Amino acid sequence: MPRAGVPDDPHDVLDMVFARPQEALKAARAMLETGRGPYDHSIARQAIGILRRDFGDLEAAIGELRQAVRLARRAGSPDREADVLATLGVALVQHGRTRAGLATLDQAAALSGGTTRARVLFRRAGARWILGWHREALDDLRSAAPALRRAGDTVWAARALTLRGHAQLALGSVQAADADFRTAQGMFATTRQEHDSVVAVQNRGVAAFVAGDLPTALDLLEEADQGFRKLGTPMLDLVADRCAVLLAAGLSREALEQADGGLRLLDRLRGQATRRAELLLLAARAALLAADPGTAGRRAAEARALFAGQRRDWWAEHARLILVQAELARGPATPRLLADARRLAGRLTRLGSPEVWQAHLLAGRTALALGQAAAAERHLSAAARVRHRGPATSRAGGWLAEALRADAAGQPRRLLHACRSGLALIEEHRLTFGSSELRALVTAQGVELARLALRHLHAAGRTRELLAWTERWRATALAVPPVRPPDDPELQAQLAALRRLDQLLGRARSDGAASAATLERDRARLESRVRATTLRVRGTGAGEARGPGCGQILDALGPGGRLAELVVIDGTLHALLCAGGRVRTYEIGPAAAAVAEMEYARSRLRRLAYDRDPPRDELAALGGRLEEALLGPVARLLGDGPCVVVPPSVLHATPWGLLPSLRRTAFSVAPSAAAWLRARAAAPPSGGVVLVRGPEVPNAPAELHAIANLYGHPGEPAPAGPPTGGGLPEGIAAPAGGGLPDGTTPYSGGLAPGGRFPGAAGRPGPATDGAGQDGAGGGAPEGTVRVLGGGGATAGAVLEAIDGCALAHVAAHGTFRADSPLFSSLYLDDGPLTVYDLERLRRAPYRLVLSSCDSGQMAPVGADELIGPATALLHLGTAGIVASVVPVNDETAVPVMVRLHAGLRRGLSLAEALRDARGDDVSFIAIGAG
């Protein structure tokens, strides 16, 4: 580079545009400041125009490029003029001025020859690809790519291969596209084209996405994003690619937010109209999948209008597809909708769209709703062809079409085969994910298949098969072997930084500091980075058998046990009661009414949580109404024996202890019967007891002191007196010597066969007090009681202590995050311990007691999945959890907790101990089988 930053060969500036964009801009401006002639100034204006076109203001870009054309003509160089005209033509197409852009590109092709003509044809192919003219784009590339390779033009030949990959991808040739992207990446690696090299990574991510490999796609797109940030070249099409991947992962709300953010950025930059239309289409698809057909219709209509004005028929028809899908989602099927869907299927077929099956499925559904059996069969048959090719999710869509055909034809065996095959594909797809969130979310793609099977089996009265199919698609994410997040120092540093930020934010809020808003934004950004890291974790590819058989469930219950599995079929709640070697079905009532009663009961309990003497009549009335809506006739059949309730995910937050039939019953709640069986079979460890006290919990010292004494450990210093208004129950406050009520003896460590605490023998082993410790060392050895508090209950110390312990009790404030359940947390001395932290455990505690508010809350997602702290721990091997699903009165909870541990010391199960400890409390439930 000579004086003033101007290269010896002015053409080097154009080579630098995608290699080192910032350097290219400086060099182009330096060239304009020199006294060079029109030829060199034409190159400089063209370079600035390309930078404006791809990274900024499109209007400004067109102005620069028009000047470059005029300068090229003054220089008398047809090749120079043709090259700039080709750049201008692409910019005009991207601006939505399609006719003018294509005419300019044709003019450039007529004016050029040799290598310049090959470059022009490449850019015309790019414009045709933007317009959705994929076959025409391939025609231009068949001439351009070989010519560029023969000329030894590595950079442009690699770009031509990249574009050919995109055209093949649009036509459904994923393997050929990926091969082109890989070849292009290798070619760019031999050059200094840094930006193009990063684009090649992005393109491989797109190919991985289309192939259905979402973890790889997320990895590659993240790598590309980091590369673009380093180069200072923001890429709006990367936003679009990420949106598409988020949609495929079931993260429709996040995809909609990203698309809207991209649209806002595009407006600020006055960027490409073509890109705006594409982002609108993605936003429409995201809104449709997020069950917001109104927003979907509006975005799709705007996108279609833009595509039509840009003469982009391929894109316009895909926007029309969203429009018709949104219209059907908003209201009943009509003959006009059927006609629109038919025409759409024909147009997408002619355009060679790989999404044509969706139009046929749409037409088939509409015809079924209108009673037009022949038309439905024709379209569903066409949609069903995709079940044998393409990504797993598309093939599952083909099996859905086949299931609808079989259902319409009254062929139950064929229907169940189609449903089984489609669900198997989604299960296969799910196994590629290591993220528990994605494993749960992706099940939503199988909702309709599961509903078709359940509806048929219920109508046929096949009760045992109905139970098996309910189990097949309930809490299935828990059946996948857990994948620990990588031992990534950066991830661990991010989680630690989140804890520090949360503490700073809490102080700023309490002080009314202006910094609170900034800290909120910083926390949101950091949470986004943590989540992005965990979403990219790959699955093991291994799963368990698909649900237990009825025989397994009935055998495990024994002669006196009951299991009530609740299932929603066509909006009606049913109960499958397993007892006495039989499975019987009972109709309860409208599922919406049950959800409404649950929400009403929860809202009343929130108000009554801090009433020291809640009105018993009101509680009884609430419980009676709730029981009628949730259990109906089954309530009187549960008996006095042990009972397991398996609700659908939308009813899991029910305060089950409020129901009269369960108040004096040893019952537990489980996400599925399979999860209950796995928890029941969990092997008890030899570890000891860990007691954790979080900060600012007034009654925690009394609670932990009394519990520690039960296990023969003095624990923390006893509080000066009983907590105000909530003393310990008579006979429970242990004497100084650590004696126990009712003649029981101190805990001697370990677990008895069957997972129950022994009721006899020996003094406790050596105890440790974790207060002030840094958490170094191994888990608590057999026979120990470890107490963490007073500054020592840090995330690291708590995770180390509870890893594989026999029993953990945590008295700490909890927060349930409905917006992002895996950020639900327990507040420790150094900040929140989130579900992301818990997922790093090698083995979860065998039993866990959480005495904080809402600690048993989980969020319903996917088909019938739950995510939250309890499911994370059950997945990692916890046998049983006692937690609350409504706010807890901290004072009155203390005696409940102490009675609970006294029951465990007597050898009771968690459900039995909670039954005896509950008294008037309705906050806590036992989850699992511990």
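Residues numbered from 1 in each chain as written. Predicted model: local features only at pLDDT ≥ 70, side-chain atom pairs only at ≥ 80, totals over all residues. Heavy atoms only, no water.

**As for the overall build of the protein**
Now for step 1: A tally of helices and strands in the protein yields 38 helices and 17 strands.
Now for step 2: The proportion of buried residues among the 930 residues of the protein is 60%.
Now for step 3: Counting contacts in the protein only where the partners sit at least 6 residues apart, residues at least 24 apart contribute 68% of the total.
Now for step 4: Carbon and sulfur atoms make up 51% of the accessible area of the protein, which totals about 35200 Å². (Helix = DSSP H or I, 4+ residues; strand = E, 2+ residues; numbered from the N terminus. Buried < 20%, exposed > 50% of the residue type's maximum accessible area, 1.4 Å probe, protein only. Contact = heavy atoms within 4.5 Å. Areas by Shrake-Rupley, 256 points an atom, 1.4 Å probe, with all protein chains shown as cover.)

**Here's the deal with the sheet that holds strand 11 (residues 825–828)**
Now for step 1: With antiparallel pairing, three strands are arranged side by side in an open sheet as 10-11-12. The sheet terminates laterally at strand 10 (814–815) and strand 12 (831–834), the two strands that pair on one side only.
Now for step 2: Relative to strand 12, strand 11 is paired through four bridges, and the arrangement is antiparallel. Among the inter-strand pairings, L826 is bridged to a residue of strand 12, identified as L833. (Pairing = 2+ DSSP bridges.)

**Observations concerning helix 9 (residues 154–170)**
Now for step 1: Its 17 residues place the ends of helix 9 25 Å apart at the C-alpha level, agreeing with the 24 Å of an ideal helix rising 1.5 Å per residue.
Now for step 2: Within helix 9, 15 of the 17 residues are buried, leaving the element largely enclosed by the surrounding structure.
Now for step 3: Just past helix 9, the residue G172 takes up positive phi, approximately 95°. (Expected span 1.5 Å × (residues − 1).)

**Describing the confidence of the model for the protein**
Now for step 1: Of all residues in the protein, 89% have pLDDT values of 70 or greater, and the mean over the chain is 83.
Now for step 2: Here residues 720–782 is modelled with pLDDT under 50, and outside its nearest four sequence neighbours on either side it reaches 135 contacts, counting other chains as well. (pLDDT = per-residue confidence, 0-100.)

**Notes on empty space enclosed by the protein**
Now for step 1: Tallied over the full model, the rule gives six cavities of 30 Å³ or more.
Now for step 2: Of the voids in this model, the second largest cavity is the one considered here, and its volume is about 120 Å³.
Now for step 3: If you trace the second largest cavity, you find 14 residues lining it, with T815, S825, L826, S855 and P869 closest to the centre.
Now for step 4: Those elements giving two or more residues to the lining of the second largest cavity turn out to be strand 10 and strand 11.
Now for step 5: Broken down by class, the residue content of the lining of the second largest cavity amounts to seven nonpolar, six polar and one charged. (1 Å grid on protein atoms, 1.4 Å probe; cavity = no way out; pocket = protein on both sides within 12 Å on 5 of 7 lines; lining within 4 Å. Points joined across faces, edges and corners; volume = space filled by probe spheres on them. Nonpolar A, V, L, I, M, F, W, Y, C, P; charged D, E, K, R; others polar.)

**Quick look at the packing of helix 11 (residues 194–210) against helix 13 (residues 236–248)**
Now for step 1: The N-to-C vectors of helix 11 and helix 13 enclose an angle of 25°; their axes lie 11 Å apart at closest approach. Taken together, helix 11 and helix 13 sit at an angle that is classed as roughly parallel. Two packed elements cross with a definite hand, and for helix 11 against helix 13 that hand is left-handed. Across the interface between the two elements, Q202, V206 and F209 of helix 11 pack against D237, L238, D241, A244, V245 and A248 of helix 13.
Now for step 2: A class-by-class count of the residues in the contact of helix 11 with helix 13 yields six nonpolar, one polar and two charged. (Axes fitted to C-alpha atoms, helices over the stretch in contact; angles between N-to-C directions. Parallel < 35°, antiparallel > 145°, perpendicular 65-115°, else oblique. Left-handed = near helix turned anticlockwise from the far one by under 90°.)

**Topic: helix 26 (residues 489–511)**
Now for step 1: An ideal rise of 1.5 Å per residue puts 33 Å on 23 residues; helix 26 measures up with 33 Å between its terminal C-alpha atoms.
Now for step 2: Considered for burial, the residues of helix 26 that qualify are L491, Q494, L495, A497, L498, R499, L501, D502, L505 and A508.
Now for step 3: Buried-residue contacts for helix 26 involve helix 27 (515–535), helix 34 (795–802), strand 11, strand 12 and helix 35 (835–838).
Now for step 4: Backbone geometry just after helix 26 places G512 at a positive phi near 70°.

**Section: the nonpolar core**
Now for step 1: Counting residues in each nonpolar core, the largest one holds 71 residues, and the members touching the most others are F228, L251, L281, F307, I322, L438 and V530.
Now for step 2: Broken down by element, the residue count for this core peaks at ten residues, all from helix 15 (residues 273–289).
Now for step 3: Dropping the residues within four chain positions of it, L438 is found in contact with L218, A249, L251, F433 and L535.
Now for step 4: Judged by nonpolar contacts, the second largest core, of 65 residues, contains A601, L638, L788 and L876. (Core = buried A, V, L, I, M, F, W, Y, C linked by side-chain atoms within 4.5 Å.)

**Details of the packing of helix 21 (residues 392–409) against helix 24 (residues 447–459)**
Now for step 1: Across the interface, helix 21 lies against helix 24 with an axial gap of 10 Å and an inter-helix angle of 25°. Overall, the two elements helix 21 and helix 24 adopt an arrangement that is roughly parallel. The handedness of the crossing between helix 21 and helix 24 is left-handed. Between helix 21, through A396, W399, L400, A403, L404 and D407, and helix 24, the contact on the second element is made entirely by E448, L449 and L452.
Now for step 2: Considering only residue class, the contact of helix 21 with helix 24 consists of seven nonpolar, no polar and two charged.

**Concerning the environment of T216**
Now for step 1: In this structure, T216 sits in helix 12 (residues 214–231).
Now for step 2: Given the relative accessible area of 25%, T216 is considered partly exposed.
Now for step 3: The spatial distance from the C-alpha of T216 to the C-alpha of F433 is 9.9 Å, given a sequence separation of 217 residues.
Now for step 4: The contact partners of T216, leaving out residues within four places of it in the chain, are A208 and R538.

**Remarks on the packing of aromatic side chains**
The relation between two aromatic rings is expressed through the spacing of the ring centres and the mutual angle of the planes.
Now for step 1: According to the stated counting rule, one finds four aromatic pairs in the structure shown.
Now for step 2: Relative to W315, the ring of F307 lies with its centre 5.6 Å away and its plane at 25°, an arrangement referred to as stacked. Of the two residues, F307 and W315, neither departs from the other in class, the shared state being buried.
Now for step 3: Measuring from ring centre to ring centre gives 5.3 Å for W314 and W315, while their planes differ by 75°; the resulting arrangement is edge-to-face.
Now for step 4: Overall, W314 belongs to the buried group, its relative accessible area being 9%. (Phe/Tyr/Trp six-rings, centres within 6.5 Å; stacked < 30°, edge-to-face > 60°.)

**Topic: a negative patch on the surface**
Now for step 1: On the surface, D8, D9, D12 and D15 cluster together into a patch of negative charge.
Now for step 2: Relative to the helices and strands, D9 resides in the segment before helix 1 (11–16).
Now for step 3: For D9, a relative accessible area of 35% puts it in the partly exposed group. (Patch = residues over 30% accessible without salt bridge, like charges linked within 9 Å, V, L, I, M, F, W, Y side chains within 5 Å. Salt bridge = Lys/Arg side-chain N within 4 Å of Asp/Glu carboxyl O. Lys, Arg positive; Asp, Glu negative; His and termini not counted. Charge placed at Lys NZ, Arg CZ, Asp CG, Glu CD.)

**Focus on the environment of L535**
Now for step 1: Within the fold, L535 resides in helix 27.
Now for step 2: For the pair L535 and E437, spaced 98 residues apart in the sequence, the C-alpha separation amounts to 7.7 Å.
Now for step 3: The contacts of L535, once residues within four sequence positions are left out, are L218, L251, S435, E437 and L438.

**Overview of the side chain of D241**
Now for step 1: With respect to the secondary-structure elements, D241 resides in helix 13.
Now for step 2: R275 provides the closest opposite charge to the buried, unpaired D241, separated from it by 6.3 Å.
Now for step 3: Beyond its immediate stretch of four places on either side in the chain, D241 contacts Q202, V206 and L221.

**Let's talk about the side chain of Q193**
Now for step 1: Its place among the elements puts Q193 in the loop between helix 10 (174–188) and helix 11.
Now for step 2: Filtering out sequence-adjacent residues up to four positions away, Q193 remains in contact with D15, F18, A19, V155, R159 and F188.

**Points about the state of the cysteines**
Now for step 1: Throughout the structure, instances matching the rule amount to zero disulfides.
Now for step 2: Sulfur of C550: no disulfide; nearest cysteine sulfur belongs to C578 and is 6.4 Å away.
Now for step 3: Residue class for C550 comes out buried when judged on its relative accessible area of 8%. (Disulfide = S-S within 2.5 Å.)

**Some points on the pattern of salt bridges**
Now for step 1: Inspection of the entire model under this criterion finds 49 salt bridges.
Now for step 2: Taking the shortest distance from any N to any O, the salt bridge between D83 and R80 comes out at 3.4 Å. Of this pair, D83 and R80 both sit in helix 5 (residues 78–94), three residues apart, which is roughly one turn of that helix. R80 carries the same exposure label as D83, and that label is buried.
Now for step 3: The network of salt bridges with shared partners includes E377, R387, E402, R405 and R414.

**A few points about the environment of P845**
Now for step 1: In this structure, P845 sits in the loop between helix 35 and strand 13 (847–850).
Now for step 2: Classification of P845 by relative accessible area gives buried; the value is 1%.
Now for step 3: A C-alpha to C-alpha distance of 6.0 Å links P845 and D803, two positions 42 residues apart in sequence.

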